[in-house]
Amino acid sequence: MEIMARAGGKSINLRDKLDGNELDLSLSDLNEVPVKELAALPKATVLDLSCNNLTSLPAEFCALTHLVRLDLSKNQLLQLPSDFGRLINLQHLDLLNNRLSVLPVSFSQLKSLKWLDLKDNPLDPALAKIAGDCLDEKQCKQCATAVLQHMRAIQSEQDRERQRRLLVERELEKKREAEQRVRDAQERELRRREKAEEKERRRREYDALRAAKQELEKKAENGKSQARKPSSPTTASPACRRSWFGLLLRLFGIVMVCTLGMFAVCAVTDLKNQPLCTSINNLYEDMVTRLRAHKILSGVLQHNSQQ
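As the structure is a computational prediction, the values presented were derived from the model and not from experiment.

A. Focus on the overall build of the chain. A tally of helices and strands in the chain yields six helices and eight strands. When the elements of the chain are put in sequence order from the N terminus, they spell out β-β-α-β-β-α-β-β-β-β-α-α-α-α. Here the chain holds 307 residues, and the buried ones make up 25% of them. Restricting the contact set of the chain to residue pairs at least 6 apart, pairs at least 24 apart contribute 33%. Accessible area of the chain: about 21,800 Å², with a carbon and sulfur share of 55%.

B. Structural context of helix 4 (residues 137–228). Helix length check: helix 4, at 92 residues, gives a terminal C-alpha distance of 133 Å against a target of 136 Å (1.5 Å per residue), a fit within 8%. Of the surrounding elements, those touching the buried residues of helix 4 are strand 8 (115–117) and helix 3 (125–131). For helix 4, the N-terminal cap is Asp136; the gap from its side-chain oxygen to the backbone nitrogen of Lys138 is 3.3 Å.

C. Region of interest: the environment of Leu49. In this structure, Leu49 sits in the loop between strand 5 (46–48) and strand 6 (69–71). For Leu49, a relative accessible area of 0% corresponds to the buried category. Between the alpha carbons of Leu49 and Asp24 there is a distance of 6.9 Å; along the sequence they are 25 residues apart. Once you skip the residues sitting within four places of it in the chain, Leu49 turns out to touch Leu25, Leu30, Val33, Leu54, Phe61, Leu70, Asp71, Leu72 and Asn75.

D. Examining empty space enclosed by the protein more closely. Evaluated as defined, the whole model comprises one cavity of 30 Å³ or more. What the largest cavity holds in volume is close to 30 Å³. Around the largest cavity, the lining residues are Leu23, Leu38, Leu41, Ala44, Leu47, Leu64, His66 and Leu67. A per-class count over the lining of the largest cavity returns seven nonpolar, one polar and no charged.

E. Here's a closer look at a nonpolar patch on the surface. A surface patch of nonpolar side chains, about 540 Å² in accessible area, is lined by Trp244, Leu247, Leu248, Leu251 and Ile254. One can find Leu248 in helix 5 (residues 238–268). According to the relative accessible area criterion, Leu248 is exposed, its value standing at 53%.

F. Structural detail: the pattern of salt bridges. According to the stated counting rule, one finds 14 salt bridges in the structure shown. Ionic pairing is found between Arg162 and Asp159, a salt bridge with its closest N-O pair at 2.1 Å. Linking Arg162 with Asp159, this pair stays in helix 4, spanning three residues, or about one helical turn. Overall, Arg162 belongs to the partly exposed group, its relative accessible area being 42%. Glu200 is the partner of Arg203 in a salt bridge, and the nearest nitrogen-oxygen pair spans 2.4 Å. Here the residue Arg203 and the residue Glu200 both occupy positions in helix 4, the gap between them amounting to three residues, near one helical turn. Its relative accessible area of 41% is what places Arg203 among the partly exposed residues. Here the salt bridges do not stand alone but share partners, grouping Glu198, Arg201, Arg202 and Glu205 into one network.

G. Representation of the side chain of Ser108 within the structure. Note on placement: Ser108 falls in the loop between strand 7 (92–94) and strand 8. What Ser108 contacts, discounting residues up to four positions off in sequence, is Leu148, Met151, Arg152 and Gln155.

H. Spatial organisation of the nonpolar core. Formed by 44 residues in total, the largest nonpolar core has its most connected members in Leu49, Phe61, Leu70, Phe84, Phe107 and Leu116. At the level of elements, helix 2 (35–39), strand 8, helix 3 and helix 4 are the ones that each hand at least two residues to this core.

I. Here's a closer look at the packing of aromatic side chains. According to the stated counting rule, one finds one aromatic pair in the structure shown. Measuring from centroid to centroid gives 6.1 Å for Phe84 and Phe107, while their planes differ by 5°, and the two rings are stacked. Of this pair, Phe84 sits in the loop between strand 6 and strand 7 while Phe107 sits in the loop between strand 7 and strand 8, placing them 23 residues apart in sequence. Each member of the pair, Phe84 together with Phe107, is buried.

J. Summary view of the state of the cysteines. Tallied over the entire structure, the rule returns zero disulfides. A disulfide-free cysteine, Cys140 has its sulfur positioned 4.2 Å from the sulfur of Cys134, the nearest such atom. Taking relative accessible area as the criterion, Cys140 reaches 2% and is therefore assigned buried.

K. View of the sheet that holds strand 6. A sheet is described by the order of its strands in space; here six strands give the open sequence 3-4-5-6-7-8, paired in mixed fashion. Each edge of the sheet is formed by a strand with only one pairing partner; in this case those strands are strand 3 (18–19) and strand 8. Bridge analysis of strand 4 (residues 22–24) against strand 5 gives three bridges, and the strand direction is parallel. Note on strand 5: the bridge partner recorded for Asp24 is Asp48.

Conventions used here
- Residues numbered from 1 in each chain as written.
- Predicted model: local features only at pLDDT ≥ 70, side-chain atom pairs only at ≥ 80, totals over all residues.
- Heavy atoms only, no water.
- Helix = DSSP H or I, 4+ residues; strand = E, 2+ residues; numbered from the N terminus.
- Buried < 20%, exposed > 50% of the residue type's maximum accessible area, 1.4 Å probe, protein only.
- Contact = heavy atoms within 4.5 Å.
- Areas by Shrake-Rupley, 256 points an atom, 1.4 Å probe, with all protein chains shown as cover.
- Expected span 1.5 Å × (residues − 1).
- Polar contact = N/O pair within 3.5 Å; in protein donor to acceptor, adjacent residues only side chain to side chain.
- 1 Å grid on protein atoms, 1.4 Å probe; cavity = no way out; pocket = protein on both sides within 12 Å on 5 of 7 lines; lining within 4 Å.
- Points joined across faces, edges and corners; volume = space filled by probe spheres on them.
- Nonpolar A, V, L, I, M, F, W, Y, C, P; charged D, E, K, R; others polar.
- Patch = residues over 30% accessible without salt bridge, like charges linked within 9 Å, V, L, I, M, F, W, Y side chains within 5 Å.
- Salt bridge = Lys/Arg side-chain N within 4 Å of Asp/Glu carboxyl O.
- Core = buried A, V, L, I, M, F, W, Y, C linked by side-chain atoms within 4.5 Å.
- Phe/Tyr/Trp six-rings, centres within 6.5 Å; stacked < 30°, edge-to-face > 60°.
- Disulfide = S-S within 2.5 Å.
- Pairing = 2+ DSSP bridges.

Take a look at the structure:
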């Protein structure tokens, strides 16, 4: 079965490039890596992609975990995929003469890496110093060891920083949760007080309505009691009757005293010849005459009754 790939506007059969476990795609004028076709050749553990026009590797390239030896020298790679460390079986990596300045942190996961060449790349000064010159086999092995140690240190630092940020975020989250609990408690207390105040207000309204109702009932009862009482003077209380009787006696006594005084004044003083006193004296004599006649009549009647 043929496995075709596009290279420089032409189609090439990858099986024609496969020799045992080595797949040579160098000098193929590739602008991109045929990842899908490479994944169909798991036997190709050695892959040569040198001397092409590659500026980047797709993220799917990191799924080619069967690779043991990889040559990417003399391309124009600006960076490696962030998941490049997934190539855990990789032992030999040639990145000579590219445009790399840094390596992804996941590079520290290449535990099987024994050989590395980073010459002729615009590396970060710190990374370039650690990588060394890579002028021979020994230096390239030392480069692999030193770079892995460096990237692991960076990975550890990033892990610590990530852990520190995580702790800070957890503390902030705990603080926010505590503040939220305080706010919730305050809101519950506020609602409780509002309910208590509303209940007290309704209770006062109820008491006021009840008191008003009782007052109306009391007034209605008093009105019924007053309606049942007769308005005749005979229904006056004994104390009231005694009060009016005493007042009448006093008035009658005063009138009698005044009358007797007038009779006495008109009978014994020089005023008896005055017209008023004359009238009073005549009235007095008339009354005396009437009383005498009444006595005589009473005597006669009594005598007749005895006979």
